[in-house]
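Listed below are the residues making up each chain.
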Amino acid sequence: LPVALSLSLILFIYIRKNGLSSKYGFKKPLLSGRRMLFYIPLLLLLTVNLWFGVSLNLSAAETVLYILTMLCVGFLEETIFRGLLFNAMLKNGVKSAVIVSSITFGMGHIINLINGSGAELVPNLLQVTYAAATGFMLVMIFYKSKSIVSCVLFHGIFNSLSVFSDESARTMVQRTGTCVFIVLISVVYGVYLMRLPETESTETGKNR
């Protein structure tokens, strides 16, 4: 937690000090909740860690520390992958920026094989797969709404809920099914957002 919190503060101060809050999406979404389907796909995805039982895997103190750490990780990863990386890649075109942001976000989860988390090869590969799909969805949310706030909240809460997941109750079939569900929801929602006008004003202008 001290490491994640320190990095989050450094990044936050850098963004604020250099007037980059708006550029990196720390503002109100430019698309209405209705156009964003009230973020219902995100709410559906938040349930997956609790599908196969709820368990208190850590002590109360450890659980609080874990949740706070995951909230910081959500802020860091979204700011880096959706904010910094995606914006830096836009000069090469939206398509390449979306692809790079999504794929690198997914591939980054391979680190779970060596970071002491105890992840096994096949479950980790499933995580890489659905993380790439989720990355596509999140980058489309950021690109279309111009706001990263919902991405940060979703990411932090999704990771936090994993502390209550009863991993021992999950079979490989269930893990695979969960991966398929996440990929389908993420891709469908991402494609829907991709087809939306970038702002409400853009849509209004076209209707005229």
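About the thresholds
Residues numbered from 1 in each chain as written. Predicted model: local features only at pLDDT ≥ 70, side-chain atom pairs only at ≥ 80, totals over all residues. Heavy atoms only, no water. Helix = DSSP H or I, 4+ residues; strand = E, 2+ residues; numbered from the N terminus. Rg over C-alpha atoms; globule rule 2.2 N^0.38 Å. Contact = heavy atoms within 4.5 Å. Lys, Arg positive; Asp, Glu negative; His and termini not counted. Charge placed at Lys NZ, Arg CZ, Asp CG, Glu CD. Axes fitted to C-alpha atoms, helices over the stretch in contact; angles between N-to-C directions. Parallel < 35°, antiparallel > 145°, perpendicular 65-115°, else oblique. Left-handed = near helix turned anticlockwise from the far one by under 90°. Nonpolar A, V, L, I, M, F, W, Y, C, P; charged D, E, K, R; others polar. Patch = residues over 30% accessible without salt bridge, like charges linked within 9 Å, V, L, I, M, F, W, Y side chains within 5 Å. Areas by Shrake-Rupley, 256 points an atom, 1.4 Å probe, with all protein chains shown as cover. Salt bridge = Lys/Arg side-chain N within 4 Å of Asp/Glu carboxyl O. Buried < 20%, exposed > 50% of the residue type's maximum accessible area, 1.4 Å probe, protein only. Core = buried A, V, L, I, M, F, W, Y, C linked by side-chain atoms within 4.5 Å. Phe/Tyr/Trp six-rings, centres within 6.5 Å; stacked < 30°, edge-to-face > 60°. Lys NZ or Arg CZ within 6 Å of the ring centre and 35° of its normal.

Caption draft 1: Expanded view of the overall build of the protein chain. Scanning the protein chain from N- to C-terminus turns up eight helices and zero strands. Beginning at the N terminus, the succession of helices and strands in the protein chain can be written as α-α-α-α-α-α-α-α. Here the C-alpha atoms of the protein chain give a radius of gyration of 17 Å, agreeing with the 17 Å that 2.2 N^0.38 yields for 208 residues. Expressed as lengths along the three principal axes of its C-alpha atoms, the size of the protein chain is roughly 55 × 40 × 30 Å. Residue pairs at least 24 apart in sequence account for 81% of intrachain contacts in the protein chain once pairs closer than 6 positions are excluded. Across the protein chain, the centroid of the 17 positively charged side chains sits 15 Å from that of the 9 negatively charged ones.

Caption draft 2: Fine view of the packing of helix H5 (residues 121-145) against helix H7 (residues 172-194). Two elements in contact, H5 and H7, have axes separated by 8 Å at closest approach and are oriented at 20 degrees. Looking at the two axes, H5 sits roughly parallel to H7. Between H5 and H7 lies a crossing whose hand is left-handed. Residue composition of the contact of H5 with H7, grouped by class: 18 nonpolar, five polar and two charged.

Caption draft 3: Here's a closer look at a nonpolar patch on the surface. A surface patch of nonpolar side chains, about 1000 Å² in accessible area, is lined by Ile99, Ile103, Met107, Ile110, Ile111, Leu113, Ile114, Leu121, Val122, Leu125 and Met172. Inspection of the secondary structure puts Ile114 in the loop between helix H4 (94-107) and H5. Among the residues examined, Ile114 registers a relative accessible area of 72% and is labelled exposed.

Caption draft 4: Layout of the nonpolar core. Ranked by size, the top nonpolar core spans 38 residues in total, and within it Met137, Ile141, Phe154 and Tyr189 carry the most contacts. Among the secondary structure elements, those contributing two or more residues to this core are helix H1 (2-17), helix H2 (40-45), helix H3 (60-89), H4, H5, helix H6 (149-161) and H7. Among the elements that make up this core, the one with the highest residue count is H5 (ten residues). Among all residues touching Ile141, those that are not within four sequence positions of it are Met36, Tyr39, Leu42, Lys146, Ser147, Ser150, Cys151, Tyr189 and Leu193.

Caption draft 5: Fine view of unusual backbone geometry. Residues other than glycine seldom take positive phi values, yet Tyr39 does so here, at roughly 60 degrees. For Tyr39, the position within the fold is in the loop between H1 and H2. With a phi close to 65 degrees, Lys146 is a non-glycine residue in the positive phi region. Here Lys146 lies in the loop between H5 and H6. What makes Lys146 partly exposed here is its relative accessible area of 22%.

Caption draft 6: Summary view of the pattern of salt bridges. This model, assessed by the stated rule, comprises two salt bridges. When the shortest N-O distance is used, the salt bridge between Arg82 and Glu78 registers 2.7 Å. Taken together, the residues span about one helical turn, with Arg82 and Glu78 both in helix H3 at a distance of four residues. The buried category is assigned to Arg82, whose relative accessible area is 0%. When the shortest N-O distance is used, the salt bridge between Glu167 and Arg175 registers 3.1 Å. Residue class for Arg175 comes out partly exposed when judged on its relative accessible area of 22%.

Caption draft 7: Representation of the packing of aromatic side chains within the structure. With the rule as written, the count across this model stands at eight aromatic pairs. Ring centres 5.7 Å apart and planes at 45 degrees place the aromatic pair Phe26 and Phe75 in the tilted group. In this pair, Phe26 sits in the loop between H1 and H2 while Phe75 sits in helix H3, placing the two residues 49 residues apart along the sequence. On the basis of relative accessibility, which here comes to 26%, the residue Phe26 falls in the partly exposed class. On the numbers, 5.6 Å between centres and 35 degrees between planes, the contact of Phe154 with Phe158 is tilted. Of the two residues, Phe154 and Phe158 both sit in helix H6, four residues apart, roughly one turn of that helix. Each member of the pair, Phe154 as well as Phe158, is classed as buried. Here Arg82 stacks its cationic end above the ring of Phe105, 4.4 Å away from the centre of that ring. Between Lys146 and the ring centre of Tyr143, over which it is positioned, the NZ or CZ distance is 4.3 Å.

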